[in-house]
Amino acid sequence: MNIVDLARFQFAMTTIFHFFFVPFSIGTAFVVAIMESMYVKTGNSQYKKMTKFWGNVFLLSFAVGVVTGIIQEFQFGMNWSDYSRFMGDIFGAPLAFEALLAFFIESTFIGLWMFTWNKVGKGLHLFFIWMVSFGTLASAFWILTANAFMQHPVGYSIKGGRAVMVNFGALITNPQLGFEYGHVIFGALLTGSTIFAGLAAFQLLKKRTISKESKQIYHKTMRLSFVLMFIFSILTIGLGDLQMQYLVKEQPMKFAATEAVMKTTGERAPWSVIAFVNPKTHEVKGNIDIPDMLSILSYHKTTGSVKGMEEINKEMEKKYGTRIAGHKMNYYVPVNTLFWSFRFMAGFGTLLALVSIVGLIMTRKGHETLYKHRWCLWVVAILTFAPFIMNTCGWMITEFGRQPWTVYGVFTTAQSVSPNVSVASLLTSNIVYFCLFTILAIIMIALVVRYLRKDPDDIENQEPKLVDPFAKGAF
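This is a predicted model, so every value here is computed, not measured.

A. Here's a closer look at the overall build of the chain. Scanning the chain from N- to C-terminus turns up 16 helices and eight strands. The C-alpha radius of gyration of the chain comes to 24 Å, within 12% of the 23 Å expected for a compact globule of 475 residues. In terms of overall dimensions, the chain has C-alpha extents of about 75 × 55 × 40 Å along its principal axes. Sorting the 475 residues of the chain into buried and exposed places 52% on the buried side. In the chain, once contacts between residues fewer than 6 apart in sequence are set aside, the share between residues at least 24 apart is 79%.

B. Structural view of the pattern of salt bridges. Enumeration over the complete set of coordinates arrives at eight salt bridges. Here D457 makes a salt bridge to K49, at a shortest N to O gap of 2.9 Å. Taken together, the residues D457 in helix α16 (residues 456-461) and K49 in helix α2 (residues 45-79) connect sequence positions 408 residues apart. You'll find D457 and K49 in the same group, each marked buried. D292 serves as the salt-bridge partner of R268, at 3.3 Å between the closest nitrogen and oxygen. Within this pair, whereas R268 is found in the loop between α8 (252-258) and β3 (271-277), its partner D292 is found in the loop between β4 (284-290) and α9 (293-299), the two being separated by 24 residues in sequence. Several salt bridges converge on common partners, so that one network encompasses K49, E213 and D457.

C. Just the environment of L228, in detail. As for its position among the elements, L228 is in helix α7 (residues 212-250). For L228, a relative accessible area of 7% corresponds to the buried category. Residues L228 and L177, spaced 51 residues apart in sequence, show a C-alpha to C-alpha distance of 24 Å. The residues touching L228, leaving out its near neighbours within four places in the chain, are V31, I34 and S193.

D. Here's a closer look at the nonpolar core. Among the nonpolar cores identified, the biggest contains 113 residues, and W54, M222, F226, M309 and L370 are the most heavily contacted of them. The element best represented in this core is helix α1 (residues 3-42), accounting for 13 residues. Counting residues in each nonpolar core, the second largest holds 21 residues, with F76, F86, I90 and L95 among its members.

E. How the structure looks around helix α15 (residues 423-451). End to end, α15 covers 42 Å across 29 residues, agreeing with the expected 42 Å (1.5 Å per residue, within 8%). Among the residues of α15, those classed as buried are L426, S429, N430, Y433, F437, L440, M444, V448 and Y451.

F. Quick peek at a nonpolar patch on the surface. On the surface, a cluster of nonpolar side chains totalling about 630 Å² of accessible area is made up of V227, F230, I231, I234, L235, L354, I357 and I361. Those elements that place two or more of their residues in the nonpolar patch are α7 and α11 (335-362). As for its placement among the helices and strands, V227 is situated in helix α7.

G. Representation of the pairing of strand β2 (residues 162-165) in the model. With four bridges joining them, strand β1 (residues 156-159) and β2 adopt antiparallel strand pairing. Looking at β2, one finds that K159 is bridged to R162.

H. Examining the packing of aromatic side chains more closely. Counted according to the given criterion, the structure contains 39 aromatic pairs. Between F17 and F20, the ring centres sit 5.9 Å apart and the planes meet at 65°, which makes this aromatic pair edge-to-face. Residue F17 and its partner F20 are both found in helix α1; the two are separated by three residues, about one turn of the helix. Above the plane of the ring of W117 lies K52, whose end atom (NZ or CZ) is 5.0 Å from the centre.

I. Examining the side chain of H183 more closely. If you trace the backbone, H183 turns up in helix α6 (residues 175-205). Once you skip the residues sitting within four places of it in the chain, H183 turns out to touch T236, L239, G240, Q243 and M345.

J. Representation of the packing of α2 against α6. Contact geometry for α2 and α6: axes closest at 12 Å, N-to-C directions at 115°. α6 is crossed by α2, and the crossing has right-handed handedness. Contact residues: α2 offers F53, W54 and V57, while α6 offers F196, L199, A200 and Q203. Per-class residue counts for the contact of α2 with α6 are six nonpolar, one polar and no charged.

K. Inspection of unusual backbone geometry at higher detail. Cis rather than trans, the peptide bond between Q403 and P404 has omega equal to 10°. Along the chain, the position of P404 falls in the loop between α13 (386-400) and β7 (405-407). Positioned with a positive phi, H282 is a non-glycine residue whose angle comes to about 65°. The phi torsion at A325 lies on the positive side, around 55°, for a residue other than glycine.

L. Here's a closer look at the side chain of R402. For R402, the location among the structural elements is in the loop between α13 and β7. The exposure class of R402 is buried, given its relative accessible area of 4%. At 3.1 Å, the side chain of R402 forms a polar contact with the backbone oxygen of T406. The contacts of R402, once residues within four sequence positions are left out, are N147, M150, Q151, K254 and Y408.

M. A look at the packing of α1 against α13. For the pair α1 and α13, interaxial distance at closest approach is 10 Å and the crossing angle is 135°. When the axes of α1 and α13 are compared, the pair comes out oblique. The handedness of the crossing between α1 and α13 comes out as right-handed. Taken together, the residues of α13 that come into contact with α1 (itself represented by R8, T15, I16, F19, F20, P23 and F24) are F388, N391, T392, W395, M396 and F400. A breakdown of the residues in the contact of α1 with α13 according to their chemical character gives nine nonpolar, three polar and one charged.

N. The environment of V432, seen in detail. With respect to the helices and strands, V432 occurs in helix α15. Sequence separation of V432 and K263 is 169 residues, and the distance between their C-alpha atoms is 43 Å.

Cut-off values and rules
- In every chain, residue numbers begin from 1 and rise along the written sequence.
- Residue-level local features of this predicted model are given only where pLDDT is at least 70; pairs of side-chain atoms are given and counted only at 80 or more, and the full residue set underlies all totals for whole chains, interfaces and linings.
- Remark: hydrogens and water are excluded; side-chain values derive from all non-hydrogen atoms of the structure.
- Each helix is a run of DSSP H or I of at least 4 residues and each strand a run of E of at least 2, with the numbering of both proceeding from the N terminus.
- Using C-alpha atoms as the atom set, the radius of gyration is obtained and then compared with a globule rule of 2.2 Å times the number of residues to the power 0.38.
- Classification of residues uses two cut-offs on accessible area relative to the type maximum, computed with a 1.4 Å probe and protein chains only: under 20% is buried, over 50% is exposed, and between them is partly exposed.
- By definition, residues are in contact when any of their heavy atoms lie within 4.5 Å.
- Put simply, a salt bridge is a Lys or Arg side-chain nitrogen that is within 4 Å of an Asp or Glu carboxyl oxygen.
- Definition of nonpolar core: a set of buried residues of the types Ala, Val, Leu, Ile, Met, Phe, Trp, Tyr and Cys, connected through side-chain atoms within 4.5 Å.
- Given a helix with a known number of residues, its expected span is that number minus one, times 1.5 Å.
- Exposure above 30% relative accessible area and the lack of any salt bridge qualify a residue for a patch; like charges then connect within 9 Å, and the nonpolar side chains Val, Leu, Ile, Met, Phe, Trp and Tyr within 5 Å.
- Under the convention used here, a 1.4 Å probe and the Shrake-Rupley method define accessible areas, while residue burial counts only the protein chains that appear.
- Between any two strands, pairing holds if DSSP finds at least two bridges.
- Two rings belonging to Phe, Tyr or Trp (six-membered ring only in the last case) form a pair when the distance between their centres is within 6.5 Å. Interplanar angles under 30 degrees mark stacking, angles over 60 mark edge-to-face geometry, and anything in between is tilted.
- Sitting over a ring, as applied to charges here, requires NZ of Lys or CZ of Arg to be within 6 Å of the ring centre and within 35 degrees of the ring normal.
- Helix axes use the C-alpha atoms of the stretch in contact, all axes being lines fitted to C-alpha atoms, and the angles between their N-to-C directions lie in the range 0 to 180 degrees.
- In this scheme the crossing of two helices becomes right-handed for a clockwise turn of the near helix relative to the far one and left-handed for an anticlockwise turn of less than a right angle.
- We call Asp, Glu, Lys and Arg charged. Ala, Val, Leu, Ile, Met, Phe, Trp, Tyr, Cys and Pro are nonpolar, and the rest, Gly among them, are polar.
- For this analysis, a polar contact is any N or O atom pair within 3.5 Å, provided that within protein one partner can donate a hydrogen and the other can accept it, and provided that sequence-adjacent residues contribute only side-chain to side-chain pairs.
- Roughly parallel here means an angle under 35 degrees, roughly antiparallel means over 145, roughly perpendicular means 65 to 115, and every remaining angle is called oblique.

Here it is as structure tokens:
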């Protein structure tokens, strides 16, 4: 492997691991805020216990997400210094907003929320958790503002070999940002809902005695989660559909790869359910096609040609050239990776929508059959891991589909790598990061498993009492 490949591998590794926790914390914060809202509205103590119990799971995900996020940003100075120099004027602004505004809101109100139970009014305490949720949503907005520019650069000019911002408004009204932010956020909220439904199912599957109240709390958790899963799965699928129609025009190579379209189709484009592409010969094998379906998915009508990767590559060679900054260009993206990533992402999204519908039917009042069948609980429990696969596949489509560019049509990946890094240093940092992430993953899983040995009743009954350290006899 060369320097570019090692740097890309490290970025992919850190991004994927960090993105395990981004939608996790965004989604769980939002669901916990809804739980506390229900407590404030109804006065039902079960919702308070539910909020406290699942709130601690959110806090664990947030803590690990902060650590992985620091490593993620640390990379820009290590492996991508030329990219940082080229993009610093534009990339720095949204990152500054994210760190100084959004993350400040998150961290401040998390502290207030954690330590003010029974010390402030219920309404004020509820405000704290909603501000935490708002902070996570705002943080995602600024990060995706930077990423949207990389996908569709706007509001800039090139001066002195660097990209310089000339229109901040264009940056935050980037059409790519609207589709990307909506799809990512609805996917994150779907993630939080699914995780709580799955963890509640795991709790009910435990071979031990569970108090009646804790069992009722798990039932309420699953019921609420199914409602939110249904809402956010539909919204995620809807925004994803709009985003793919946008990509047909803006990033045709990415779109063609997700559908394994190597040669331009006729007016009635078939959709391949499965397909395997030889990346050297560009030959498609083993495909099973549904007539006209790709035209329907792309244009919402039965006619409409889809441009193939071979034709798009020729157009890009003509537009950008076969060499950029001394590097030979290959505008093809990893078609098999994008094709199957798209199917896993869309497949799991559809599956979660169907499970939410069935779950709502099987948990309706008077017909709560889901809780009586262990195999049903196991299905819901196993689906805890589905959002992580779905989100990872979505991010792989976004980033792999942009290659060979870091800033689409403006700056290439080969141009972006730090000039002074070596293969040895990259191998060393890759090994160190991999070990660090493995340790963090083990710690995170161990902490969640250990925490889930308890029940909501246990958390409420073991609430620590704060002691004034200066009081007489405190020690």
